[in-house]
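Topology and contacts: notes
As a plain string of letters, each chain reads:
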Amino acid sequence: MFADYMVNAWDVATIVAIVAPVVGFFVVLRGSAFVAHAVPEAAFAGAAGASLIGLNTVVGLGVFSLGASLSIGLLGRRGRHDVVTALALVLMLGMGSLFLSWSTEYAPEIYSLLFGEVLGVSSNEIGITALLGALCLAAVAALYRPLLLTSVVPEIAAARGIRNHRIDMAFLAIVALATTTAVPVVGALLMFSLMIGPPAAARCITDEPLRTMALSVGIALATVWASIAAAYQTDWPIGFFVTAFAFVGYALAHVLRWAREGYARIRARKPLPGGSAA
Amino acid sequence: MGGVVNAVFAPGFFHSDPVRTALIAGAIVALVSGAVGVITVLRGQSFAGHALSALGTLGGSAAFLVGVSPLWGFLTSGVVVAGAMEAVGTQRRRGRDVATGLVLSTALGLSALLLYFDTIANSTTGVTITILFGSLFAISGITVPAMILLSLVCLAVLALLYRPLLLSSVSAELAAARGIPVRALGLAFLLLMALSAALSSVAVGTILSTALLIGPAATALRLTRRPAMAMAVAGAIGVISTWAGIVLAYDSYHWAPAGKGWPVSFFVVAVIFTLYLVADLGTRLQAARARDRRTGSPAAAQPLATVRSS
């Protein structure tokens with residue numbers, strides 16, 4: 001399981017599991033799950049196109065995901081972009097199916113683009129992934145405060161002179177960047193379960209933003225590592241395990257919150273002295 | 001005249017059985033999707049609509065594994081998933097998005113597994129592409145009667161629920177005050193969406209059926225504000241785009257680069273997207289011109305005015 005050819009997989013998966021939930025925290029906070037779902041699928045068309053003309057997949061992924069997220073931002077009206085998102089998504093997927101019909105690529109490779117193939121990662125891709133991931137984290141760190149403010153209380157952000165639209169565009173670009181990092185590993189269809197699942201679970205447990213982010217990175221790392229191990233043992237597609245474990249994590253977090261609320265209610269009924277056990 | 005007709009419709013177009021089936025099935029699907037789509041767009045449930053159709057992948061791959069027609073797989077999984085989404089989802093808009101996303105990703109993960117089993121069991125690897133991207137030309141004539149029946153059911157239920165649905169879409173509070181069971185209505189609508197998604201998944205594949213659901217409806221709502229009118233316009237736009245897609249795909253057998261025909265689904269989606277862009281640009285220019293007339297500076301709108309006439 002830790003043989004030479006698996007080392008790359010562990011490295012890349014770890015990078016992805018750090019980047020995706022940090023971006024995903026804002027995705028959940030802003031309620032833009034649909035965009036986070038659409039951009040990776042659009043990137044899939046880019047990957048198909050790049051393989052058609054013999055370019056590196058990462059280039060295709062980057063160009064298409066950036067193009068999709070920027071056009072979603074530009075065509076959307078007053079921050080509402082669900083219709084435009086749906087349309088951009090299907091247009092990109094349509095182009096993806098066109099490129100696929102032209103190419104002579106074997107079906108398994110398409111399948112791995114859609115559903116992920118950790119074992120296919122080569123050493124020189126790790127460098128690009130790490131670079132893009134670092135860029136993504138730096139962008140989030142630089143925009144941390146305005147992003148948080150526009151996500152939670154857009155009115156106050158506007159009153160403070162923050163341009164909501166510009167932050168929105170910057171955020172979409174960050175999502176595109178994260179997509180480019182992660183799609184080769186977990187696949188276009190499943191990338192966003194890593195973005196949504198861990199942050200949604202972490203938000204059930206804590207409210208403080210930085211702690212939520214740290215917690216969701218922890219959950220994502222556990223999910224990804226367990227998935228690689230399970231996929232290695234069973235030979236089943238890794239995408240299945242990533243989504244299943246992400247969902248289990250979310251369900252567990254819900255149960256935990258429910259239990260804690262119940263405990264707090266009982267304690268409120270008969271006041272006890274002493275510290276908080278939460 | 002005859003030359004033009006021959007250039008547009010390649011020889012043998014109207015005598016081919018797959019083409020005839022595709023024309024009929026495409027029209028049915030487009031009409032139903034247009035009507036359901038208008039309400040979907042009005043309720044802001046594009047994501048749920050997309051999720052329901054993408055989740056058809058789960059049913060489609062399961063049906064392939066068992067060996068029944070994919071239509072029934074799409075249908076069953078749609079109904080189950082609609083129920084799951086209603087159970088997990090909350091009434092708040094943001095919570096709803098995350099709940100939809102989680103159900104969607106989990107089910108996609110499951111379908112990844114099922115597709116993997118499909119490829120192992122049949123040693124044919126084309127299944128993934130057939131289920132995901134579909135092809136109008138591949139519909140067998142046997143499924144058409146079932147499709148007609150299902151779409152009639154869908155339209156009848158929609159007509160029955162039309163007024164309460166519209167009211168609860170515009171204002172849930174008002175509908176609740178009138179004694180309409182808003183939550184049950186929401187579930188009923190999710191089921192309707194699942195039904196129409198199943199139909200269009202057969203036609204253009206699970207991940208592109210969103211195009212037929214959202215595209216024509218969004219275009220129609222740019223052109224008219226009256227819901228019933230918008231449904232009719234959306235149906236018409238859907239039928240036109242599907243048929244145009246079929247004609248183009250049939251012609252493309254002689255095009256570069258491969259000489260084996262471009263996918264129908266691509267053409268359908270491309271036509272729908274172009275129509276939406278034109279309608280959107282038109283209304284934006286109209287709004288800009290109205291604003292200019294009010295402020296009295298028509299010069300700003302001048303250079304763009306030519307685009308609108310296209």
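Being a predicted model, the structure only gives us computed values, none of them experimental.

Turning our attention to the overall build of chain A. Regarding its fold elements, chain A presents 12 helices and 0 strands. Ordered by position from N to C terminus, the α and β elements of chain A give α-α-α-α-α-α-α-α-α-α-α-α. Buried positions account for 53% of the 278 residues belonging to chain A. Sequence-distant contacts in chain A: of pairs separated by 6 or more residues, those separated by 24 or more amount to 75%.

Here the focus is the overall build of chain B. In terms of regular secondary structure, chain B is built from 13 helices and 0 strands. In chain B, buried positions account for 48% of the 310 residues. Contacts in chain B between residues at least 24 apart in sequence constitute 72% of all its contacts with a sequence separation of at least 6.

All names here are of chain A. Helix length check: helix H2 (residues 33-53), at 21 residues, gives a terminal C-alpha distance of 32 Å against a target of 30 Å (1.5 Å per residue), a fit within 8%. Burial analysis of H2 places 19 of its 21 residues in the buried class, the great majority of the element. Once H2 ends, the next one or two residues include Gly54, with phi positive near 80°.

Quick look at the nonpolar core now. If you look at the biggest cluster of nonpolar residues, it comprises 178 residues, and the most contacted ones within it are Val23, Ala42, Leu87 and Val175 of chain A. Setting aside residues up to four positions removed in sequence, Leu87 of chain A forms contacts with Ile214, Gly215, Ala218, Phe273 and Tyr276 of chain B.

Taken together, the 43 residues of chain B in the interface contact 42 residues of chain A. For the side of chain B that touches chain A, the secondary-structure elements that each account for two or more residues are helix H3 (46-66), helix H5 (93-122), helix H6 (127-133), helix H10 (209-223) and helix H12 (264-295) of chain B. Split into classes, the residues belonging to the side of chain B that touches chain A amount to 26 nonpolar, 14 polar and 3 charged.

Here we come to the UniProt feature "transmembrane region" (unreviewed entry) in chain A. Residue and element names in this part refer to chain A. Look at the UniProt record and you will see "transmembrane region" (unreviewed entry) annotated at residues 12-30, 84-104, 125-144, 169-192 and 238-259. Overall, residues 12-30 shows 100% helix and 0% strand. The separation of its end C-alpha atoms is 27 Å. Helix makes up 100% of residues 238-259 and strand 0%. Its end C-alpha atoms lie 31 Å apart.

Topologically, Val16 of chain A is positioned in helix H1 (residues 4-30). In this structure, the C-alpha to C-alpha distance between Val16 of chain A and Val217 of chain A, residues 201 residues apart in sequence, is 9.8 Å.

Residue and element names in this part refer to chain B. The UniProt record annotates "transmembrane region" (unreviewed entry) at residues 21-42, 62-85, 97-117, 129-162, 174-195, 201-221, 228-250 and 262-283. In this annotation, residues 21-42 is assigned 100% helix and 0% strand; the end-to-end C-alpha distance for the span is 32 Å. Secondary structure across residues 228-250 comprises 100% helix and 0% strand; the distance between its end C-alpha atoms is 33 Å.

The next thing to look at is the confidence of the model for chain B. Low pLDDT means the predicted coordinates in that region are not meant to be read closely. All names here are of chain B. Confidence in the prediction for chain B averages 79 pLDDT; 81% of positions are at 70 or higher. Note that pLDDT drops below 50 for residues 298-310; the model gives that stretch 12 contacts with residues more than four away or on any other chain. Predicted complex metrics record ipTM = 0.77 and pTM = 0.79.

Let us now look at the packing of H10 of chain B against helix H11 (residues 227-251) of chain B. All names here are of chain B. Interhelical geometry of H10 versus H11 gives an angle of 130° and a closest axis separation of 8 Å. By the angle class used here, H10 and H11 are oblique. As for how H10 packs across H11, the hand of that crossing is right-handed. Packed against H10, whose contacting residues are Leu212, Pro216, Ala217, Thr219, Ala220, Leu221 and Leu223, the element H11 presents Ala230, Val233, Ala234, Ile237, Gly238 and Ser241 at the interface.

Okay, the environment of Tyr116 of chain B next. With respect to the secondary-structure elements, Tyr116 of chain B resides in helix H5. Residues Tyr116 of chain B and Val278 of chain B, 162 residues apart in the sequence, show an inter-C-alpha distance of 41 Å.

Here the focus is the environment of Ser168 of chain B. Residue and element names in this part refer to chain B. For Ser168, the position within the fold is in helix H7 (residues 143-170). Accessibility expressed as a C-beta count within 10 Å gives 23 for Ser168, which makes it buried. It is 22 Å that separates the C-alpha atoms of Ser168 and Ala197, two residues lying 29 residues apart in sequence.

Residue and element names in this part refer to chain B. In the contact formed by H11 and H12, the axes pass within 8 Å of each other and the chain directions differ by 135°. Here H11 lies oblique to H12, going by the angle between them. Viewed along their axes, H11 and H12 form a crossing whose handedness is right-handed. Residues Ile237, Ser241, Thr242, Ala244, Gly245, Ile246, Leu248 and Ala249 of H11 touch H12, and the partners they reach there are Val264, Phe267, Val268, Val271, Ile272 and Leu275.

Looking at chain A, pLDDT values average 81 and 87% of them are 70 or higher. Mean pLDDT values over the elements of chain A span from 67, in helix H5 (residues 107-115) of chain A, up to 89, in helix H11 (residues 209-234) of chain A.

What counts, and at which threshold
Residues numbered from 1 in each chain as written. Chains lettered and ligands numbered in written order. Predicted model: local features only at pLDDT ≥ 70, side-chain atom pairs only at ≥ 80, totals over all residues. Helix = DSSP H or I, 4+ residues; strand = E, 2+ residues; numbered from the N terminus. Buried ≥ 20, exposed ≤ 12 C-beta atoms within 10 Å, placed from the backbone. Contact = placed C-beta atoms within 7 Å. Expected span 1.5 Å × (residues − 1). Core = buried A, V, L, I, M, F, W, Y, C linked by C-beta atoms within 7 Å. Nonpolar A, V, L, I, M, F, W, Y, C, P; charged D, E, K, R; others polar. UniProt positions renumbered as here; feature names shortened; annotations may be inferred. pLDDT = per-residue confidence, 0-100. Axes fitted to C-alpha atoms, helices over the stretch in contact; angles between N-to-C directions. Parallel < 35°, antiparallel > 145°, perpendicular 65-115°, else oblique. Left-handed = near helix turned anticlockwise from the far one by under 90°.

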